[in-house]
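# Understanding the architecture of this molecule
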Amino acid sequence: MTELAAAKAALKTQAVETPSWAYGNSGTRFKVFAQQGVPRTPQEKLDDAAKVHEFTGVAPTVALHIPWDKVEDYAALARHAEDRGVRLGTINSNTFQDDDYRLGSICHPDAAVRRKAVDHLLECVDIMDATGSRDLKLWFADGTNYPGQDDVRARQDRLAEGLREVYERLGEGQRMLLEYKLFEPAFYTTDVPDWGTAYAHCLKLGERAQVVVDTGHHAPGTNIEFIVATLLREGKLGGFDFNSRFYADDDLMVGAADPFQLFRIMYEVIRGGGFTPEVAFMLDQCHNIEAKIPAIIRSVMNVQEATAKALLVDRAALGEAQASGDVLGANAVLMDAYDTDVRPLLREVREEMGLDPEPLKAYKASGWGEKIVAERVGGEQAGWGA
């Protein structure tokens, strides 16, 4: 198989999970911006997600956020997804919006609050059982704002205790994915601030505990691809939350701020054997001013383009240059792949998959955007408050 044929075959297997909340209204600290046609129910979110998969062919699963996507019958919700041609994916917990969590959730000094938080996480595992989901993703806003506010070491002990209880509840084939974030909303200490902390907890828990890398959750200048390479080497990279940042956790469209970084990350994924279903690739974005569905389609396409370029790296030539100490030559091999216009290649891939070669144009021509604006009148739009 030629290099080009191998790249095309790999691209046809790609899967990018879209998040249910990205289809709803979102905004900034100051304002949530409402758009016409936004889903009002989890079912309508799935309807929109199905359109993204219909036109890209590589977005077969949808992540849920509990309680934002809470329903009475999760098995029925799973059937609704399957009827639309997609499946339910990662279950995301929420331990950051209740007033009880002002001083933390799973790390809170009050045992009653910790119990409430852990019970919610156990409820999420119950939901996984009903939906057939493999992954439980945990992100904690826990931390402190002031020196001396709480015992930093004790909070790590509480975190470990709570994670252990949830880990032991996981069923066969289920995983726990632990996310980290440098800061916000805790500004002095964050209880899971970096990949090292997440890795340390996952290592103690066991093989079904993995680390999630959110590309917006790092200090400026952090070499994210090094983190990716290290976690893959240790067998502890569970997945990604793809987005872009200019300053902090901006949650902009993936590849918008630094497409070269996304390419570098995807190269390390491929180099490290992480381009498999064992590493979950998900978008985690807030589309505040742009139309929801076209923005998600564009984001999926950005991931595809970065992946295609990474697949075209001449690894034999790169290895030879590296072994001989040819600094400029090695860099040139990477840059040759990055500078390749892969859009014609991806158009060919889509045509071979029976898709329109231009997903955004196909979506616009479908009339779905006008249909949902006309039909989704009344009710309460999905979204989050700020």
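Residues numbered from 1 in each chain as written. Predicted model: local features only at pLDDT ≥ 70, side-chain atom pairs only at ≥ 80, totals over all residues. Heavy atoms only, no water.

For strand β8 (residues 175–179), the buried fraction is high: 5 of the 5 residues fall into the buried class. Every second residue of β8 is oriented toward a common face, with Arg-175, Leu-177 and Glu-179 on one face and Met-176 and Leu-178 on the other, all of them buried. As paired strands, strand β6 (residues 135–138) and β8 are joined by 4 bridges and run parallel to one another. Residue pairing in the sheet places Leu-136 in a bridge with Met-176 of β8. In this sheet, strand β10 (residues 209–214) lies alongside β8 in parallel orientation, the contact comprising 4 bridges. Paired with Leu-178 across the strands is Val-211, a residue of β10. (Buried < 20%, exposed > 50% of the residue type's maximum accessible area, 1.4 Å probe, protein only. Helix = DSSP H or I, 4+ residues; strand = E, 2+ residues; numbered from the N terminus. Pairing = 2+ DSSP bridges.)

As a further point, take the packing of aromatic side chains. Counting across every chain of the model gives 13 aromatic pairs. Feature note: the residues Trp-21, Trp-68, Phe-96 and Trp-139 constitute an aromatic cluster, connected by ring pairs. Over the aromatic face of Tyr-167 sits the side chain of Arg-208, whose NZ or CZ is 5.5 Å from the ring centroid. Just above the ring of Phe-260 sits the side chain of Arg-264; from NZ or CZ to the centre is 4.8 Å. (Phe/Tyr/Trp six-rings, centres within 6.5 Å; stacked < 30°, edge-to-face > 60°. Lys NZ or Arg CZ within 6 Å of the ring centre and 35° of its normal.)

Core analysis: the biggest nonpolar cluster contains 97 residues, and Phe-140, Leu-163, Phe-240 and Phe-242 have the highest contact counts within it. Counting residues per element, this core draws most heavily on helix α9 (residues 292–311), which supplies 10 residues. Ignoring anything within four residues of it in the chain, the contact list for Phe-140 reads Thr-95, Ser-105, Ile-106, Leu-121, Leu-159, Leu-163, Leu-178 and Val-192. (Core = buried A, V, L, I, M, F, W, Y, C linked by side-chain atoms within 4.5 Å. Contact = heavy atoms within 4.5 Å.)

Here we come to the sheet that holds β10. Here 8 strands make up an open sheet; going across it, the order is β1-β4-β5-β6-β8-β10-β11-β12 and the pairing parallel. What marks the edges here is a single partner per strand, and that holds for β1 (18–19) and β12 (280–283). Of the pairings in the sheet, the one linking strand β4 (residues 61–65) to strand β5 (residues 87–92) comprises 4 bridges and is parallel in character. The residue of β5 that forms the bridge with Val-62 is Leu-88. Set on the sheet, helix α3 (residues 74–83) makes contact with β4 and β5; between it and β5 the angle comes to about 130 degrees. (Axes fitted to C-alpha atoms, helices over the stretch in contact; angles between N-to-C directions.)

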